[in-house]
Amino acid sequence: MGFSGVDTWSVADSASLYGLDRWGEPYFSVNARGHVLVQPRGERGGALDLVELVRGLRGRDLALPLLIRFDDILEDRLERLHAAFARAIAQYGYDGRYQGVFPVKCNQQRHVVEQLMESGRRWHFGLEAGSKAELLIALALVEDPEALLICNGYKDRRYIETSILARRLGRQPVVVIEQADEVERIIAASQELGAAPLIGVRAKLASRGSGRWGSSVGEGAKFGLSLPDLLTTVEVLRQAELLPDLRLLHFHIGSQINDIAVLKDALQEAGQLYVELIRLGAPMGLLDVGGGLGIDYDGSRTATTASTNYSLQNYANDVVATVRECCENARVPVPTLVSESGRAIASHFSVLVFDVLGCGQPPTGAALVEPCSEAEEPLIVRNLRDTLAHLGSVDMGDPSRPTSCEPLQEAWNDAIKFKEDALTAFRLGYLGLRERARAETLYWACGLAIARRLADLPADTPIPEELRGLRAALASTYYANLSVFRSAPDTWAIQQLFPVLPIHRLEERPDRLGHFADLTCDSDGKLARFIGSGADKSLLELHGLRPGEPYWIGLFLAGAYQEVMGNLHNLFGRTNAVHIRLTPGGGYRVEHVVRADTNAAVLQAMEHDPQNLKERLRQASEEAIAAGRLTIDAARRLTQHLEASLGQTTYLEG
Ligand SMILES: *Cc1c(COP(=O)(O)O)cnc(C)c1O
């Protein structure tokens, strides 16, 4: 849309528009060049221009879409989590420690888990496994004898025996009883191996849940022992002489807890349960508060799905203070506090950068609007042309008058009416295809002209409802080189919001509204919900594409859950991924490159043999050559394209 006068847009306006100054802290901001700036160590120094980084990576033959993992951010998140608990422990005089674990299900990538183990060593940071395969990862990667290895999920005999034997390796696996029947398997395995595991119990809390995962608590929850089951389990363990190994109480009230009040209720209930377990004779020593520590995706600091009404520090304070109070009142020693925070550790460090391939808009093209000879033009089309011409000279008078938009409203009503007339005339055979196309183009041109007039009005001008929808109707579709099903599946599956914005041109006023359509042939393959200040929005402010210039978009806070939940819809595979580390000189190093899936790899994943596909095509080519339909030269070209495609990524390569 056009704007009159001097354009006063600045990078600060972009930071505010896209919420960078709210959710980006302390890692993401805008620099004076209008590029996204990444400070992977927060305020502690070191910054990378994201656009320069992408250029450098492309120079290394790493095509977009590109998943950039900032290992320094991962480390920084870990430090912040531990620092928050350390502060809370000091502030409340808590006579115990905090010792966290990372839930592997949140991001199982080897480099990610290895990095966490390396960075977390100084706090004896451990892992949480929810399946046998995750247990194998945890067993191999937790080398620190003091780190915890929390074993959750459904457990068969082999899972349990593996955990028991891991204790002999010098590890600290805690087998958490989640289902009442697991206790029998644990007893049987312990008797057979002559060794006991460290045992935990997961309680099904009665406290109310909230948000999307609210049903993770309460009597209907999938996991955990009800109060009667918990008591029975304790008695069964006592009879089997395993009660001395009962060390941990666990609860998990769902991911992305939005409201701190919900957490407090759960903590109080769990604190009392912990005290009761000690009274029943279990030694205990560990209280595991599960995951749920949330991320402020939209920066609004509210108890809404895309946000939280508490900070990391508030969270740590509440955990420490509530548990301390329960134990103090009951005069039992406070436990070591364990949390299984996944989202809060892993969200920030990944940024997905994708390019825009093109842009589609309603047809307002000037070429078709040029009049053909007066005499030939049907009346309906001429009416629309007159409406458009009239719009150029509408006098709106004083814009503060409530009626000042009336002439625009009238013109738009006319345009709608004439367009409908054109459709009726076409249906009845009175209007040709070319004339109908002309009518439609003129209709959209009227819309655009009105939108431009509206954009020039002072911000407080009262604008009628129908005209307010015009900008949305004129919005553009930006074609994105990505698959949301692969790279941001939660945007589709659970309507999750991630911050999305151009990573450059932020010094420029974004004068379009648009949404993104991805590469899949699925109408759900789109990004069409964005964070806003206040309510979220269906269209994002974007820039017009410039010929020959790339337009790069970043999707932020995508490090938790997206990669493994992503699927092969339309056979779009994994994107290129890189691990970046700041270097002391102010630059960066590419620590690891994880290459994108090739077309051959995704075909094989579906049991197609690339060699076989090639052979079939070769035979078809031979037949076509024999029949004189294809030259040998053309056949070779086809083979070459096939060969090259098999070795390339599944995305468009410019
Ligand atoms: C998923 C899960 C977590 C991780 O939750 P976040 O909200 O990502 O911190 C922790 N514990 C258990 C038992 C889980 O199922």
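Because the structure is predicted, anything quoted here is derived from the model rather than measured.

This next bit is on unusual backbone geometry. Residue Glu25 is joined to Pro26 through a cis peptide bond whose omega torsion reads -10 degrees. Here Pro26 shows up in the loop between α2 (20–23) and β1 (28–30). The omega torsion across Leu64 and Pro65 is -5 degrees, close enough to zero to call that bond cis. Topologically, Pro65 is positioned in the loop between α3 (50–59) and β4 (66–70). Positioned with a positive phi, Leu571 is a non-glycine residue whose angle comes to about 60 degrees. Relative to the assigned elements, Leu571 resides in the loop between α20 (562–565) and β20 (576–582). With a phi close to 70 degrees, Glu607 is a non-glycine residue in the positive phi region. With respect to the helices, strands and loops of the structure, Glu607 is situated in the loop between α21 (599–605) and α22 (610–626). Judged by its relative accessible area of 73%, Glu607 is exposed.

Glancing now at the side chain of Asp298. In this structure, Asp298 sits in the loop between β11 (286–288) and α11 (312–330). Look at Asp298: it is buried, it has no salt bridge, and the nearest opposite charge is Arg22 at 6.8 Å.

Within the structure, the ligand sits among 16 residues, and Lys105, Ser255, Glu340, Gly342 and Tyr561 are positioned closest to it. Here an oxygen atom of the ligand and a backbone polar atom of Gly342 are 2.8 Å apart. Here the ligand loses 91% of its free accessible area of 390 Å² to cover by the protein chains. Class assignment for the residues of the shell around the ligand results in 2 nonpolar, 9 polar and 5 charged.

We now examine the domain arrangement of the chain. When its domains are assigned, the chain resolves into domain 1 (11–59), domain 2 (92–340), domain 3 (366–472) and domain 4 (599–647). Each of domain 2 and domain 4 was reduced to a C-alpha centroid, and the two centroids are 54 Å apart.

Throughout the structure, instances matching the rule amount to 17 aromatic pairs. Ring geometry for Tyr443 against Trp444: centres 5.2 Å apart, planes inclined by 70 degrees, an arrangement best described as edge-to-face. One exposure class covers both Tyr443 and Trp444, and it is buried. Through a chain of ring-to-ring contacts, the aromatic side chains of Phe354, Tyr478, Phe516, Phe530 and Tyr551 assemble into a single cluster. Lying across the ring of Tyr443, Lys419 places its NZ or CZ 4.4 Å from the centre. The ring of Phe426 carries Arg436 above its face, with NZ or CZ at 4.9 Å from the centroid.

Since the α-helix advances by 3.6 residues per turn, residues separated by three or four positions end up pointing in the same direction. Between its first and last C-alpha, helix α9 (residues 227–239) extends 19 Å over 13 residues, near the 18 Å set by a 1.5 Å rise per residue. Listing the buried residues of α9 in full gives Leu230, Thr233, Val234, Val236 and Leu237. Along α9, the residues classed as buried sweep out an arc of 165 degrees about the axis, all on the same side. Exposed and facing more than 90 degrees away from the buried side of α9 are Pro228 and Gln239.

In this section: the layout of surface pockets. Approximately 540 Å³ is the volume attributed to the second largest pocket. Lining the second largest pocket we find 23 residues, and of these Glu25, Arg77, Arg301, Ser311 and Leu312 sit closest to its centre. When contributions to the lining of the second largest pocket are tallied by element, the ones reaching two or more residues are α2, α4 (71–91) and α11. A total of 4 residues in the lining of the second largest pocket trace back to one element, the largest contributor, which is α4. Classifying every residue of the lining of the second largest pocket by side-chain character gives 9 nonpolar, 6 polar and 8 charged. Three or more residues apiece are contributed to the lining of the second largest pocket by two domains, here domain 1 (11–59) and domain 2 (92–340).

It is worth spelling out the pairing of strand β13 (residues 350–360) at this point. Where burial is concerned, most of β13 is hidden: 9 out of the 11 residues are buried. Pairing analysis gives 4 bridges linking β4 to β13, with the strands arranged antiparallel. Bridge pairing in β13 links Leu66 to Val353. One ladder, built from 4 bridges, connects β13 with strand β19 (residues 552–555); its direction is antiparallel. Each residue of the ladder has a partner; that of Phe354, found in β19, is Ile553. In this structure, β13 lies alongside strand β14 (residues 476–480), joined through 4 bridges in antiparallel fashion. Directly across from Val356, in β14, lies its bridge partner Ala480.

Our focus in this paragraph is empty space enclosed by the protein. Taken as a whole, this structure holds 1 cavity of 30 Å³ or more when the rule is applied. Roughly 30 Å³ of internal volume is contained in the largest cavity. Classifying every residue of the lining of the largest cavity by side-chain character gives 7 nonpolar, no polar and no charged.

The next thing to look at is the packing of α22 against helix α23 (residues 632–647). One way to put it is that α22 packs onto α23 with a least axis distance of 10 Å and a crossing angle of 165 degrees. By the angle class used here, α22 and α23 are roughly antiparallel. Handedness of the crossing formed by α22 with α23: right-handed. Residue-level inspection shows Pro610, Lys614, Leu617, Ser621 and Ile625 of α22 in contact with α23, the latter providing Ile632, Ala635, Leu638, Leu642, Glu643 and Leu646.

Rules of the game
- Residues numbered from 1 in each chain as written.
- Predicted model: local features only at pLDDT ≥ 70, side-chain atom pairs only at ≥ 80, totals over all residues.
- Heavy atoms only, no water.
- Helix = DSSP H or I, 4+ residues; strand = E, 2+ residues; numbered from the N terminus.
- Buried < 20%, exposed > 50% of the residue type's maximum accessible area, 1.4 Å probe, protein only.
- Lys, Arg positive; Asp, Glu negative; His and termini not counted.
- Salt bridge = Lys/Arg side-chain N within 4 Å of Asp/Glu carboxyl O.
- Near = heavy atom within 4 Å.
- Polar contact = N/O pair within 3.5 Å; in protein donor to acceptor, adjacent residues only side chain to side chain.
- Areas by Shrake-Rupley, 256 points an atom, 1.4 Å probe, with all protein chains shown as cover.
- Nonpolar A, V, L, I, M, F, W, Y, C, P; charged D, E, K, R; others polar.
- Domains from an automatic or database assignment.
- Phe/Tyr/Trp six-rings, centres within 6.5 Å; stacked < 30°, edge-to-face > 60°.
- Lys NZ or Arg CZ within 6 Å of the ring centre and 35° of its normal.
- Expected span 1.5 Å × (residues − 1).
- Arc of directions from axis to C-beta.
- 1 Å grid on protein atoms, 1.4 Å probe; cavity = no way out; pocket = protein on both sides within 12 Å on 5 of 7 lines; lining within 4 Å.
- Points joined across faces, edges and corners; volume = space filled by probe spheres on them.
- Pairing = 2+ DSSP bridges.
- Axes fitted to C-alpha atoms, helices over the stretch in contact; angles between N-to-C directions.
- Parallel < 35°, antiparallel > 145°, perpendicular 65-115°, else oblique.
- Left-handed = near helix turned anticlockwise from the far one by under 90°.
- Contact = heavy atoms within 4.5 Å.

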